[in-house]
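# A closer look at the structure
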2 protein chains.
Amino acid sequence: MDKQTITIYDVAREASVSMATVSRVVNGNPNVKPSTRKKVLEVIDRLDYRPNAVARGLASKKTTTVGVIIPDVTNVFFASLARGIDDIATMYKYNIILANSDQNENKEIQVLNTLLAKQVDGIIYMGNKITDELRAEFSRSKTPVVLAGTVDPDQQVGSVNIDYIAAAENVISKLIEGGRKNIAFVTPPLANPINGQYRLKGYKNALLSSGIAFNEEFVFESKAKVNPGENMATHLIEKGIDAAYVTDDELAIGLLNGVINAGVRVPEDFEIITSNNSKIVEMARPKLSSIMLPLYDIGAVAMRLLTKIMNKEEIDEKTITLPYKVAYRGTTVKQED
Amino acid sequence: MDKQTITIYDVAREASVSMATVSRVVNGNPNVKPSTRKKVLEVIDRLDYRPNAVARGLASKKTTTVGVIIPDVTNVFFASLARGIDDIATMYKYNIILANSDQNENKEIQVLNTLLAKQVDGIIYMGNKITDELRAEFSRSKTPVVLAGTVDPDQQVGSVNIDYIAAAENVISKLIEGGRKNIAFVTPPLANPINGQYRLKGYKNALLSSGIAFNEEFVFESKAKVNPGENMATHLIEKGIDAAYVTDDELAIGLLNGVINAGVRVPEDFEIITSNNSKIVEMARPKLSSIMLPLYDIGAVAMRLLTKIMNKEEIDEKTITLPYKVAYRGTTVKQED
DNA sequence: TTGAAAGCGCTAACAG
DNA sequence: CTGTTAGCGCTTTCAA
């Protein structure tokens with residue numbers, strides 16, 4: 001036979017109290033006489049009783065678990081956000097159900113639905129473009145949603161990001177000040193508004209204020225992987241590119257390696273600055289200069305915001321913009337700020 | 001008011017059947033007259049009914065979610081395993097609750113308990129050493145556990161790994177054949193039996209069969225990070241090391257960069273071969289030679305094994321050893337197998 | 001093929 | 001400070 005699972009009822013019987021009282025001590029309700037509490041606690045310990053969270057969830061309509069939709073855990077960028085999310089979740093007694101979406105729209109909808117079926121108390125979404133269907137699903141359920149490292153131009157739900165436009169503009173301006181004229185904008189699909197709208201806008205702004213004409217040929221779109229980055233190097237060099245602002249770290253390290261392999265000196269003849277400051281930047285040689293996106297913090301703050309919403313606390317501003325810095329390392333001439 | 005959550009009861013009423021019947025169609029029970037099924041399905045669609053998984057879990061005692069204990073999602077090695085786990089989990093209609101443990105014993109016990117409280121149907125554990133307390137908890141509950149990329153010398157629970165001893169012995173022998181005499185064993189804490197027992201044993205075996213004496217001074221223990229690896233480089237060089245077998249990819253890329261920065265040529269004067277073949281190997285320049293640990297597969301197979309156990313199917317062998325290959329790339333003189 | 005009814009283990013009024 | 005009593009939304013016998 002199975003070891004009989006022991007319930008709140010068993011504890012109540014053994015302690016000669018009602019299950020309501022047991023429930024109270026389990027939930028830390030102060031309205032219990034110390035001696036009673038002690039007695040109950042003893043029995044709980046003796047019987048090795050463990051409250052059934054599922055039953056709890058059904059009765060209280062709260063599961064203390066939040067759903068996290070992530071493109072791919074294997075991507076250091078998102079993994080770092082996830083780590084921030086989980087730490088804060090744990091701090092507030094929540095668990096996370098992690099689901100990979102591969103940025104695939106159907107999968108996202110699908111995953112969202114099973115998350116809602118599981119009655120998660122909230123959802124953190126990381127991804128790309130928020131499609132209309134997804135937005136519709138979000139607003140159709142009353143389950144709160146917060147976006148982490150993901151923008152929704154509509155700002156219907158909470159979100160945590162940095163000012164991508166200003167950050168890009170900032171670093172590109174510095175490149176220009178340093179004398180670079182032919183600066184490439186290297187990025188994964190522009191479909192992601194962070195790249196296609198915000199960062200690209202920062203890039204254009206920087207060019208504009210320096211009187212440099214925007215050249216569509218200097219925008220390179222590719223998969224966010226090392227090899228594509230490495231392979232595109234000669235291509236950029238042939239075009240006379242002398243610096244690149246890259247929006248993904250894997251792409252950046254690939255490009256860096258490709259450029260060096262082609263015999264071009266970095267940073268003397270070719271500068272590179274990337275955007276996420278994930279741990280990849282220090283695996284590079286020379287180490288990659290980068291906008292210091294506070295990855296962990298974005299995840300942590302997003303989760304914190306979500307706890308507030310779930311808790312129905314007052315929110316001053318649900319669209320949060322975190323500060324950022326820039327780390328000038330080995331792939332730029334400028335080595336400090 | 002809240003939008004009233006619609007229940008199986010509402011569907012039953014609207015469709016003029018009993019909730020039992022609705023339950024049957026929702027669960028794909030064949031004992032329902034096609035016309036009835038059709039009618040119910042229509043109502044479900046019209047009312048946009050979504051079964052409450054929590055209630056389901058309570059009634060059926062199955063949650064279709066498994067707990068995954070991971071040291072740190074941010075670590076590419078574990079993240080890759082997690083990806084394999086999630087994909088197979090999804091395939092079998094399970095969701096995963098992901099919990100970071102930081103290899104911290106208390107946290108692990110703690111996490112395990114909340115996972116059990118949430119009535120997960122199974123657990124996948126990734127980590128380090130299985131402490132006695134943890135093992136005790138594992139066997140105390142009837143919830144099945146499978147280890148992924150983690151060994152338990154006791155083999156009480158299921159596990160998926162490769163033959164770490166043979167793999168290490170293999171690559172180190174090749175290094176010796178190539179003429180290397182002073183080969184370092186560079187590793188994160190030896191407390192993990194994969195490193196401290198298995199791989200180290202392979203290292204010793206290789207030395208032994210070549211008549212080389214084991215030198216304790218050639219074993220370097222460090223954190224599994226890039227910087228420690230980079231910093232230890234000169235240290236190794238001073239000791240006359242001319243090759244290194246590294247058990248962690250981050251450590252390996254750090255060491256590689258450190259060695260090159262010190263002006264030593266790789267692979268001509270110093271060879272490096274690492275162990276996990278995570279995506280880090282191709283971020284290195286030259287690319288890191290590595291034992292091809294089938295990361296994704298280990299996770300996938302572990303989850304598959306778990307589904308079988310949860311399903312109470314016959315298991316031929318719960319201690320699974322996957323095959324591996326070796327990729328000789330730029331950090332070894334030998335460039336093919 | 002379908003329905004009635006008894007739980008699953010716990011929370012949350014409500015009463016005392 | 002403590003007990004009684006309804007449910008929470010669904011699965012699952014057991015009958016019909």
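Only a predicted model underlies this, so the values are computations on that prediction, with no experimental measurement involved. (Residues numbered from 1 in each chain as written. Chains lettered and ligands numbered in written order. Predicted model: local features only at pLDDT ≥ 70, side-chain atom pairs only at ≥ 80, totals over all residues. Heavy atoms only, no water.)

## Some thoughts on the protein's contact with DNA strand C
Applied cut-off: We call a residue near a molecule or strand as soon as one heavy atom of that residue lies within 4 Å of the molecule or strand. Definition of a polar contact: a pair of N or O atoms within 3.5 Å, with one able to donate and the other able to accept a hydrogen when the atoms are protein atoms, and with sequence-neighbouring residues admitted only if both atoms are side-chain atoms. Counting from the N terminus, the helices are DSSP H or I runs at least four residues long and the strands are E runs at least two residues long. Ten residue types, Ala, Val, Leu, Ile, Met, Phe, Trp, Tyr, Cys and Pro, are classed as nonpolar, four, Asp, Glu, Lys and Arg, as charged, and the remainder, Gly among them, as polar.
Within the structure, DNA strand C sits among 27 residues, and Ile8(A), Tyr49(A), Thr21(B), Arg24(B) and Thr36(B) are positioned closest to it. The sugar-phosphate share of atoms of DNA strand C within 4 Å of the protein amounts to 60%. Residue Ala59(B) places a main-chain N or O atom 3.3 Å away from a base oxygen belonging to DNA strand C. The separation between a phosphate oxygen of DNA strand C and a polar side-chain atom of Lys61(B) is 2.8 Å. Broken down by secondary-structure element, the contributors of at least two residues to the surface near DNA strand C are α2 (19–26) and α4 (53–60) of chain A together with α2 (19–26) and α4 (53–60) of chain B. When grouped by side-chain class, the residues that make up the surface near DNA strand C number 12 nonpolar, 10 polar and five charged.

## Side note on the sheet that holds strand β12 (residues 325–327) of chain B
All names here are of chain B. As a reminder, the rule being used: Two strands pair if DSSP finds at least two bridges between them. Simply put, an axis is a line fit to the C-alpha atoms, just over the touching stretch for a helix, and the angle between two N-to-C directions goes from 0 to 180 degrees. Residues count as neighbours in contact if any of their non-hydrogen atoms are within 4.5 Å of one another.
Spatially, six strands are ordered β7-β6-β8-β9-β10-β12 in an open sheet, and the strand pairing comes out mixed. Across the chains shown, the open sheet's two edge strands, defined by having one partner strand only, are β7 (219–221) and β12. Across the sheet, the mean angle separating the axes of adjacent strands is 20° when strand polarity is ignored. With two bridges connecting them, strand β9 (residues 271–274) and strand β10 (residues 289–292) associate as parallel partners. Bridging across to β10, Thr274 finds its partner in Ser290. On top of the sheet, helix α8 (residues 164–177) reaches β6 (183–187), β8 (243–246), β9, β10 and β12; it is set at about 170° to β8, its chief contact.

## Overview of the environment of Glu108(A)
Residues and elements named next belong to chain A. For Glu108, the position within the fold is in helix α6 (residues 105–117). Taking the C-alpha atoms as reference, Glu108 lies 7.8 Å from Leu134; in sequence the two are 26 residues apart. Leave out the neighbours within four places in its chain, and Glu108 touches Ser101, Gln103, Tyr125 and Leu134. Polar contacts involving the side chain of Glu108 include one to the side chain of Tyr125, which spans 2.7 Å.

## Details of the interface of chain A and chain B
To be explicit about the condition: Simply put, the buried area is the total loss of 1.4 Å probe accessible area from both parts when two parts are fitted together. For salt bridges, the criterion is a side-chain nitrogen of Lys or Arg within 4 Å of an Asp or Glu carboxyl oxygen.
With 56 residues of chain A at the contact, the number on the chain B side is 56 residues. Of the roughly 5,100 Å² buried between chain A and chain B, counting both surfaces, carbon and sulfur atoms make up 48%. Summed over the shared surface of chain A and chain B, the result is 10 salt bridges. In this structure, Glu230(B) engages Lys287(A) in a salt bridge whose closest nitrogen and oxygen atoms are separated by 2.8 Å. For the side of chain A that touches chain B, the elements supplying multiple residues, two or more each, are α4, α5 (76–91), β2 (95–100), α6, α7 (132–140), α10 (226–238) and α11 (249–261) of chain A. Top element by residues in the side of chain A that touches chain B is β2(A). It accounts for six residues. Here β2(A) pairs with strand β2 (residues 95–100) of chain B via three bridges, running antiparallel.

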